[in-house]
Amino acid sequence: MDYSVVIPLYNERDSLGPLHVELTRVMQSLGRAYELIFVDDGSVDGSIEALRKIKSADQNVRVISLARNSGQTAALACGFSHATGDVIIAMDADGQNDPADIPRLLAKLDEGYDLASGWRTERWQEERFTRRLPSMAANSLISAMTGVKLHDYGCTFKAYRRDLARSLQLYGEMHRFVPAIAAEQGARIAEVEIGFRPRRAGISKYGLWRIVRTLLDLITVKFLSGYSTAPIQVFGLIGIILGGLGGLWTFILVMEKILLGYELGRRPALLLAVLLVVVGVQFVSIGLLGEMLARTYHESQGKPIYVIREEF
Ligand code: UDP
Ligand code: MG
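Residues numbered from 1 in each chain as written. Chains lettered and ligands numbered in written order. Predicted model: local features only at pLDDT ≥ 70, side-chain atom pairs only at ≥ 80, totals over all residues. Heavy atoms only, no water.

## Things to note about the sheet that holds strand β5 (residues 115-120)
Next, step 1: In spatial order, the strands read β3-β2-β1-β4-β6-β5-β7; together these seven strands make up an open sheet with mixed pairing. What marks the edges here is a single partner per strand, and that holds for β3 (61-65) and β7 (189-194). Going from strand to strand, the sheet's axes swing by 20° on average, the running direction of each strand aside.
Next, step 2: Bridge analysis of strand β2 (residues 34-40) against β3 gives five bridges, and the strand direction is parallel. Following the sheet pairing, Leu-36 is matched in β3 by Val-61.
Next, step 3: Contacting β1 (3-9), β2 and β3, helix α2 (residues 47-57) runs over the sheet at an angle of about 155° to β3. (Pairing = 2+ DSSP bridges. Helix = DSSP H or I, 4+ residues; strand = E, 2+ residues; numbered from the N terminus. Axes fitted to C-alpha atoms, helices over the stretch in contact; angles between N-to-C directions. Contact = heavy atoms within 4.5 Å.)

## Some points on the site of ligand 1
Next, step 1: Surrounding ligand 1, one finds 17 residues, the nearest of these being Glu-12, Asp-41, Asp-94, Ser-204 and Lys-205.
Next, step 2: At a separation of 2.6 Å, an oxygen atom of ligand 1 approaches a polar side-chain atom of Glu-12.
Next, step 3: Between ligand 1 and Lys-205, the relevant distance is 2.6 Å, taken from an oxygen atom to a main-chain nitrogen or oxygen of the residue.
Next, step 4: Residues of the shell around ligand 1, tallied by class, amount to five nonpolar, five polar and seven charged. (Near = heavy atom within 4 Å. Polar contact = N/O pair within 3.5 Å; in protein donor to acceptor, adjacent residues only side chain to side chain. Nonpolar A, V, L, I, M, F, W, Y, C, P; charged D, E, K, R; others polar.)

## Describing the coordination of the magnesium ion (ligand 2)
Next, step 1: Distances from the magnesium ion (ligand 2) to its protein donors, namely Asp-94 (OD) and Gln-96 (OE1), fall within the range 1.9 Å. Here the two residues Asp-94 and Gln-96 agree in accessibility, since each one is buried. (Donors = N, O, S within 2.8 Å, 3.2 Å for Na, K, Ca; no water. Buried < 20%, exposed > 50% of the residue type's maximum accessible area, 1.4 Å probe, protein only.)

## Side note on the packing of aromatic side chains
Next, step 1: Taken as a whole and assessed by the stated rule, the structure comprises three aromatic pairs.
Next, step 2: Measuring from ring centre to ring centre gives 5.0 Å for Phe-80 and Tyr-160, while their planes differ by 70°; the resulting arrangement is edge-to-face. Of this pair, Phe-80 sits in helix α3 (residues 72-82) while Tyr-160 is found in strand β6 (residues 158-161), placing the two residues 80 residues apart along the sequence.
Next, step 3: Its relative accessible area of 3% is what places Phe-80 among the buried residues.
Next, step 4: Judged by its relative accessible area of 1%, Tyr-160 is buried.
Next, step 5: Among the aromatic residues, those joined into a cluster by ring pairs are Phe-223, Phe-235 and Phe-283. (Phe/Tyr/Trp six-rings, centres within 6.5 Å; stacked < 30°, edge-to-face > 60°.)

## Regarding the side chain of Glu-173
Next, step 1: Tracing the backbone shows Glu-173 in the loop between α6 (162-167) and α7 (178-184).
Next, step 2: A distance of 3.2 Å separates the side chain of Glu-173 from the side chain of Arg-213, its partner in a polar contact.
Next, step 3: Contacts of Glu-173, omitting those with residues within four sequence positions, involve Thr-73, Tyr-206, Arg-213 and Asp-217.

## Details of the environment of Glu-22
Next, step 1: Here Glu-22 shows up in helix α1 (residues 13-30).
Next, step 2: The exposure class assigned to Glu-22 is buried, which follows from its relative accessible area of 17%.
Next, step 3: Taking the C-alpha atoms as reference points, Glu-22 and Ala-100, separated by 78 residues in sequence, lie 7.9 Å from one another.
Next, step 4: Ignoring anything within four residues of it in the chain, the contact list for Glu-22 reads Pro-99, Arg-197 and Arg-200.

As far as function goes, none of this settles anything; it's purely spatial.
See the structure below:
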């Protein structure tokens, strides 16, 4: 198999038919073996019936139906693990991604990149302040935090080499951070400008909560990519700074009491200083616990702490 297109979908009944037609036209034109994997993420709007009809008329289609709505990331991961193509293309089911852009994503992989990621240049021309600014802010924040400079983190339209797609371990809403996680594995990443179209039918599955959830995931990604093999470096440092401050402060307060005779018992400062010491000790302990967990994590899965690109 040359190409696998993975399409997670949740309640997208009316978009599926037109998407299948467009996709088939593009994939046929490439003249290689391909499969279209629709991962139904627990739809309740009859998407499954629509898919059954599509499948019965096209041998290239595979349908995987999840038992319940598990989220876009899980659906994507499921598709990746079932894909048999050398190259895996992921895209949304709602028609916002134009299959006509697929050849350009593939061209990037031919240039030697491991991941070609879509960049929706024409998005939010209208809603400049409500959508475009927040989106630009989010992208620069994620770029800065992860150190992987991309313009468009939110775009799921991507082409991957299979080994890369398979080695990604995705949790939560992590599909938004695929480039950061991939870079962590040493992948070479390119961005490809793609068109942007309005959703064909149905409604978006995400609201404003997405911002908060993305932020939390960002912290996880940042931590895992930078310090997962050395948690004590993060927590220990915070602990030493806080504990050190607290210790120094307590010392000063005690000296004031002994040398200058200031009253100590009723000063709130004492409480704060001692609190800092306790918190400091706790941070160091969390770091140590983290170290133990990190070792269990890597050793139990036989997960090496490095990634080899090739051997001669
Ligand atoms: N999706 C999914 N499971 C979910 C939510 C979304 O499979 O729990 C799919 C959805 O059907 C679509 C893609 O993920 O194919 C992107 O979702 P959506 O278009 O709602 O996101 P937006 O384009 O608004 O960012
Ligand atoms: Mg969409």
